[in-house]
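# An overview of the molecular structure
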Amino acid sequence: MEVKQFFGGIHIPHYKSFTEHKEIKKASLPEEIIIPLLQHTGAPNEPLVKVGDKVKAGQKIGATDKFVSAPVHASLSGTVTAIEPRPFVTGQMIDSIVIAVDKEQDELKLADNDLEKVTKEDIINAVKEAGIVGMGGAAFPTAVKLSPPPDKKVDTLIVNGCECEPYLTCDHRIMLEKAKELLQGVKLLMKMLGVEQAFICIEDNKDDAIEAVRQENDDPGIVLLRMPTKYPQGSEKHLVKAALDREIPSGGLPFDVGCIIQNVGTCVAIYEAVKFNKPLIERVVAVTGQNIKDPQNLLVKIGTPLRHLIEECGGIVAEPAKVVVGGPMTGRAQENLDVPVVKGTTGVVVLPPDMALEDMEYSDCVRCCKCVEHCPMLLYPNQISIYCEAGMIEEAEFWNTMDCIECGICAYVCPSKRPITQLVQRTKPLIIQMRNKR
Ligand code: SF4
Ligand code: SF4
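Overview of the structure.

About the criteria used
- Residues numbered from 1 in each chain as written.
- Chains lettered and ligands numbered in written order.
- Predicted model: local features only at pLDDT ≥ 70, side-chain atom pairs only at ≥ 80, totals over all residues.
- Heavy atoms only, no water.
- Helix = DSSP H or I, 4+ residues; strand = E, 2+ residues; numbered from the N terminus.
- Buried < 20%, exposed > 50% of the residue type's maximum accessible area, 1.4 Å probe, protein only.
- Contact = heavy atoms within 4.5 Å.
- Pairing = 2+ DSSP bridges.
- Phe/Tyr/Trp six-rings, centres within 6.5 Å; stacked < 30°, edge-to-face > 60°.
- Near = heavy atom within 4 Å.
- 1 Å grid on protein atoms, 1.4 Å probe; cavity = no way out; pocket = protein on both sides within 12 Å on 5 of 7 lines; lining within 4 Å.
- Sits in = over half its atoms within 2 Å of the grid points.
- Nonpolar A, V, L, I, M, F, W, Y, C, P; charged D, E, K, R; others polar.

## Comments concerning the side chain of Glu272
By the secondary structure assignment, Glu272 is in helix 7 (residues 264–276). You can call Glu272 buried: its relative accessible area is 17%. Excluding anything up to four places from it in sequence, Glu272 contacts Lys178, Asn277 and Lys278.

## Let's talk about the sheet that holds strand 8 (residues 93–101)
For sheets, the rule is that strands pair by backbone hydrogen bonds, running either parallel or antiparallel. Spatially, the 4 strands line up as an open sheet ordered 2-8-7-4, and their pairing is antiparallel. Both outer strands of the open sheet, strand 2 (32–36) and strand 4 (54–55), are each paired with one neighbouring strand and no more. Pairing analysis gives 9 bridges linking strand 7 (residues 78–87) to strand 8, with the strands arranged antiparallel. In the strand pairing of strand 8, Gly78 is matched with Val101.

## Some details on the packing of aromatic side chains
Enumeration according to the criterion identifies 5 aromatic pairs in this entry. Geometrically, the ring pair formed by Phe18 and Tyr167 is stacked, given 6.1 Å between the ring centres and 5° between the ring planes. One end of the pair, Phe18, is in the segment before strand 1 (24–26); the other, Tyr167, is in the loop between strand 9 (156–161) and helix 3 (170–177), and 149 residues separate them in sequence. Since its relative accessible area comes to 24%, Phe18 is described here as partly exposed. Aromatic pair Tyr271 and Phe276: ring centres 5.7 Å apart, planes at 80°, arrangement edge-to-face. You can call Tyr271 buried: its relative accessible area is 11%. A relative accessible area of 22% places Phe276 in the partly exposed class. Site record: aromatic cluster; members linked through ring pairs are Tyr15, Phe18 and Tyr167.

## Details of the site of ligand 1
In the vicinity of ligand 1, the residues found are Cys375, Pro376, Met377, Pro381, Cys404, Ile405, Glu406, Cys407, Gly408, Ile409 and Cys410. Its atoms largely coinciding with the cavity grid, ligand 1 occupies the second largest cavity. A per-class count over the shell around ligand 1 returns 9 nonpolar, 1 polar and 1 charged.

As structure tokens, this is what we get:
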């Protein structure tokens, strides 16, 4: 099936060879885990435990009754040593439950539910209870995403296996090593949403993954789409356009055009939650980059400090180095390696400092318009950056800052290294505040 191309975007070096051929390996257990009570988009959880409590792996330790939220679980058994603000990947301090990990760990007790018999309600309840969030990095609560308003008719599920960000390989490895579980997750989602068609979208630089999923697929309603490799092919707006030739309107969401999008890792987590009642307590993380000794795809317990993963991969081989959580285009540079892996952590990329976009020295706009040529949302990033930098919120809104998908292309191509994405991230909440006051 032919897929639609989009305007703008860029072909960038993938740098995936560090880990794309490496099998997922279980990371060793850290001595301490840090479980932030807010690691999703939405309301923070309240702790369900207190300092001194013994907790079991898989035990729910934080929850709230707010709709847009996802509970958190202990990823390992141990003793709660603190409930206090700890550094988070965004640079903020977030209330977290700190657990001293037991040296001996019991096997997680898993159910074995009959997937033929599960109902739509069973599926959504399992997703909610497991605390599943979008694992492609967005960390939006999945149960909320799967509950569109009643007036929105959803006819298609789109599964995002593009993983277009450089360096990252966790989704690629999941498709290769867990194709069966992925397809089970897709079928459960189709049943829950009541849709008869699903597209699994994979970029054409991962033909081995396309083949692995094709071999396991026995459902004619599930179609594999081979997408051109171009950044940011995995963005929701561009996936919907490519797969269905539908345009998500400005300020809209995929369900406005009849679809729901889920990342491949999220589909596997959904399968595990429904089949085994398994909470989201671990995920695959690509620990990679030029400056790490032994890059790996690791299966990591949520809450493991970055420092532990870097040591596990042989340590940093050349200083200075910049540690970025996520990919170099959309990720965040980290000062503090005690920051934990959370549900949305796709990768830990250790780079020479001149290869990370964040925190570079920058200068004034020279009006070259390269950013305009490449912006996949057809925006004027040059104008946006000037108004965001000057704190001119109304003007930033006028230039459609809210439509920016924060792909980082403008900063990547900008000869002045202007931190346009960071300026946008800082300005969006101010635009929302301004709109709420109107
Ligand atoms: S970060 Fe925003 S403004 Fe910049 S290229 Fe991407 S969508 Fe356009
Ligand atoms: S690429 Fe940079 S210097 Fe060129 S117009 Fe855009 S913001 Fe200005």
